[in-house]
Structure formats: structure tokens, C-alpha cells
Amino acid sequence: MLKDSEKNIPSFIIEEMINYLYSNGMVMKNEDGKGVVHIPSIIYPSPIVKSFFDKIEFYQIAFNKIFDKISRDQKFIEEILTPISETDEFIKKNLEISKKANEFEKKQKIQLNIFRNDFMVDKIKKFIYQTEFNTIAVTMATFSDKMKKFFDFFSKKYPEYFERFLNKTNCEVPIEKQDSISNFVDSIIESIKLFSENYKETLIVFIVQENEKNIFDQRSIENDLWNRFKIKSRRLTLNEIVKECVYDENQNLKIGDKIISLFYFRACYSEKDFIDENSWKGREMIELSTAIKVPNINSFLTTFKVFQYYLTKPEILKKFCPEELISNDIIRFFMKIYYLRDMNSENQKELIKKIFENLNNFVIKPQKEGGKNNYYGEQIKNLLPEGENEPNEILKNSIIMEKIFPPEYETIMLKNDEMKIEKVVSEFSVYGVILSDDTKYYLNKSVGYLVRTKEVGENEGGIMSGAAAVDIPFLIDMEVNREDESVIEYTF
Ligand code: ADP
Ligand code: MG
């Protein structure tokens, strides 16, 4: 619960906070593309058991390796996605590009991945569980970096309202931790150095959506590339790729006389970015070029949630994470996940009955990215087959995940130029970068965090969709006894 003094924070401070968001570029474009609104944000950091937070940061390096390895396993990717591709045109077309890229004689062996690994604490199970692993177009790092400064600024200027978070033993707001954006940029620079000695003469291309609301999150990466390294970047949609890029005799893609050393994807994770056949042509051109792709087509394909299901199987996890002690620890982060295609019909029926009787204990996730695609609660009912009917294709292509029940607490959210006192839950994420070729890792790091906080009862977790607000963590060094009956509650 918020203390009275915290709830009654004066309106002149709230106004100053909202102004701070605008004056420090913590903004996104309005729906109509004109003008901006500040990003939703939280003013008091959100509690999490410190050992949970430390664990997800620590194991990011292992997660980086696992996904990097899967993306190099053509056979495994094809095996998993082929059954889905029979009824999913988007996956089918991407898989076709993956097969061509695999045969491409100038295939780029260097892979840079920028990942974000999302988690929530379950108050009953008293542990932290993965919600999703993202391999493409991971967002919000800019704002997370800036939220640390926001907290530093206001907690020092008005300490009387932030007492709970300051100078406590056993508690910490980790604002000194490394920023994510500078690490993303460092990793991009390390990669293009491997691409060519003349990396300074090359061009980096951001693949973007038309009318991107979240453009400022992306611009901070471009700005840092220029500020620190004097490397230029261009922003192109897939259809502009076809118009502007040409191959030279070595399968390099060029714009004018500049070779493109790296494509960084902030689009292409959903069919919405493919408006016609030319979009697909652009997508393929990128993959059949020498440039480094962040991510390449195979790393992108591993973002589909079905891979999360397969990793919950110990024998498969071990294949990609042979260090037994680590894989034993990693598997603890996974909720129970089901996948009908990997079940016999008797078990399917049993599961469907169980879901029907406990709609609120499951989330159904189709193989789609970008938010607002999952099914929750009553929405799940319509997906389930009636009587003895066969499950439909959507359900067969989805993963069925047990629901996480996070601890709830009160906070103050700034949204649409107003403050609201809300009962909320949080999602905690870690960014990871990994740079490799088929012989070694050049870089493998955990590079900063993101906290997103949303009203209790809100299912989705996105910032851009308006569901959640950007936040920072309040680490509480407390004992958690998983044996007793208690649930996690934060009283501090
Ligand atoms: P996407 O980001 O691709 O839409 P996610 O798997 O991240 O898909 O799910 C969207 C949101 O739904 C998450 O941000 C999280 O808030 C919530 N969510 C996802 N999985 C669970 C789960 N097992 N239990 C509770 N909430 C979940
Ligand atoms: Mg997500």
C-alpha cells in the first residue's frame, strides 16, 4: 500500500514529472502520427525479491547462447515450424526464406542478436517465471535507461516523498546498473568491425514500419551510433529496400556507393509489415546479402512461442544447453506449457476439459508477435472444441501456458498527462546481446533491464498498446521460503 504522504504527493511535483518526461524525450507519437504524448510511467519503483532479479540477470548469458544455438540448427527449426506453416502463411513464407538463406553461398556467419527475456513473479509458487523470449525488434530500452535518471532526479530533489526507497539496508533501486542502449550500440560496432576493416565507410539500415509510433526509442540508437562512432544509419521500410538497394558483384547490398554492413530489424515480426509481393522481395533481398542481420531470419523464427514449449522438455533444453547444472537451473524459470500437436488425443481431451473448467488459469498464445494476440479467460472458451470435435487450427498452432499470478501493490502511474493511483502488477525483463560466428562467441552479455507495470486485471503487457507503463525495480533482499503456505506480499 502507498503511504498517505506518497499518495498526496503535491500536484506541482506531478506536473514537473510530466514535464520532465516531455523535456527528456520520454515520448511516443500519437496514433495519428502528429505530435507526441509522454510514455506512461510509474513514479515509485516496483518491488521484486532481489534474488529473483539477480537470477534473471545472471542466466541471461545462458539464454543468449541457447537461442543463438537454436538459430544455427536449420533442421530443428524446420522440424518445429513445418507443421505450423501448413496453415500459417506468414510462417510458411519466412521459412521459405530461411531455407534459401541456408543455401546461400555467401551466407553471413556472423550473428548479432539483441534479445529481451520477459518474466513475472508468481506469488503462490514464489519464484520468477518466463513469460516470453523476444528475438526481434526488442523495444523500450531507451525509456528504461531514462527512467533511472528520472528516479535519481526526483528522489534527490524531493526525498520526503521517496523515503521508502532511499538509504535502506537490504533494499536498493539499481540506477547505477549499465544502460542498455550504449551496449546495443557497442555490440553493433563490434559486429561491423568483423564485417569489414572499412566499417566506418559502411551504412547501417534500420528496417522500420511505416508510421512508427515508437520512433524515438529507435532514434536514440541511431543518435548514439553517430555521436560516439560517426556511423550513419538509414531508416527504410521493406518496400523502400526494393527501390533503394542494389547488389554489387559480391552480393553486398548497396545504397549509392555505400555497402550495407548491418540490417537492424524494428519491423517484420508480423504480416502487417508485408503490404504486397515487393515487401517479400525486400525481405528476401536482405537475407540473401552479405550484411549482418539483427536478427537473421533463423534467429527471428526462434521468437515464435512454440520454441518456448520445446525448451521446457529437458532432453531438448539439454541439446542447446549441455551444461547440466545450468540447464537444471534454467528449466525452473519455465511455467508448464502444453502444445496439442505434441500430445496424443486422449491427453488432448483431458487438457481441454481442464482448461474449460479453469479458464483463468491459462493463457493461449498463437504464433504471433506484436501484442494483443493472446487469449485470456472467457476468450479462451470460443477457441475450445465442443464435444468430440477436433481442436481448430488456431488452437493446434498455439502454445497453452499456465498463468502466472504476480504479487499486487499500489502505485502512481502517469498516463495521458494525468496521475492515477492504481493497483498494479509488474513484468521484469533483461536485455541480452550475443555476437558469434560458427566457431566462437565474440560477445555475450546481459545488458540492462526493463520493468513494465500494469493495472491488475489488464491482460496484455505492451507499453505502446497502452496496457503498461515504464518503471524501474526496487530490489528487496528478503528470504523466500517455498516450503511454507504463505504467498509473496511486499510490505516495506
Ligand atoms: P506478446 O508480447 O508477443 O504479445 P507475451 O507472451 O509477452 O506476448 O504476452 C503478452 C502479455 O501477457 C505479457 O506481457 C504478460 O503481461 C502477459 N502474460 C503472458 N504470459 C502470461 C502468463 N503465463 N501468465 C500471466 N500473464 C502472462
Ligand atoms: Mg511480450
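Each remark here, short or long, concerns the structure printed above.
Residues numbered from 1 in each chain as written. Chains lettered and ligands numbered in written order. Predicted model: local features only at pLDDT ≥ 70, side-chain atom pairs only at ≥ 80, totals over all residues. Heavy atoms only, no water.

**Q** I tried to follow the layout of surface pockets on my own but got confused; where do I start?
**A** To find the voids left in a structure, one rolls a probe of water-molecule size over its atoms. Taken as a whole, the second largest pocket holds about 350 Å³ of empty space. Residue lining of the second largest pocket: 18 residues in total, with Ile352, Pro385, Glu386, Gly387 and Asn389 positioned closest to the centre. For the lining of the second largest pocket, the leading source of residues is helix α16 (residues 345-357), giving six residues. The residue inventory of the lining of the second largest pocket, partitioned by class, reads six nonpolar, six polar and six charged. (1 Å grid on protein atoms, 1.4 Å probe; cavity = no way out; pocket = protein on both sides within 12 Å on 5 of 7 lines; lining within 4 Å. Points joined across faces, edges and corners; volume = space filled by probe spheres on them. Helix = DSSP H or I, 4+ residues; strand = E, 2+ residues; numbered from the N terminus. Nonpolar A, V, L, I, M, F, W, Y, C, P; charged D, E, K, R; others polar.)

**Q** Even after reading the chapter, I still don't get the environment of Ile66, so can you show me in this structure?
**A** Position of Ile66 among the secondary structure elements: in helix α4 (residues 60-71). By relative accessible area, Ile66 is classed as buried at 0%. Separated by 255 residues in sequence, Ile66 and Cys321 have C-alpha atoms that sit 6.0 Å apart. (Buried < 20%, exposed > 50% of the residue type's maximum accessible area, 1.4 Å probe, protein only.)

**Q** How do you make sense of the sheet that holds strand β16 (residues 375-376) when you look at a structure like this?
**A** Sheet strands line up and pair through hydrogen bonds in the backbone, either parallel or antiparallel. Spatial ordering of the open sheet is given by β14-β17-β15-β16, a layout of four strands whose pairing is antiparallel. Looking along the sheet, the strands with just one partner apiece sit at the ends: β14 (337-338) and β16. With two bridges connecting them, β14 and strand β17 (residues 399-402) associate as antiparallel partners. Looking across to β17, one finds that Tyr338 is bridged to Ile400. Sheet strands in contact with α16 are β14, β15 (362-365) and β17, and its direction is about 50° off that of β17. (Pairing = 2+ DSSP bridges. Contact = heavy atoms within 4.5 Å. Axes fitted to C-alpha atoms, helices over the stretch in contact; angles between N-to-C directions.)

**Q** Even after reading the chapter, I still don't get the site of ligand 1, so can you show me in this structure?
**A** Around ligand 1, 20 residues are found, and the nearest of them are Glu132, Lys305, Lys365, Glu427 and Lys454. Within the side chain of Glu132, one N or O atom sits 2.7 Å away from an oxygen atom of ligand 1. In this structure, an oxygen atom belonging to ligand 1 sits 3.4 Å away from a main-chain N or O atom of Gly371. For ligand 1, whose accessible area on its own is 540 Å², the fraction buried by protein is 94%. Mapped onto the shell around ligand 1, the elements with two or more residues apiece are β6 (127-134), β15 and β17. Within the shell around ligand 1, the residues separate by chemical class into five nonpolar, five polar and ten charged. (Near = heavy atom within 4 Å. Polar contact = N/O pair within 3.5 Å; in protein donor to acceptor, adjacent residues only side chain to side chain. Areas by Shrake-Rupley, 256 points an atom, 1.4 Å probe, with all protein chains shown as cover.)

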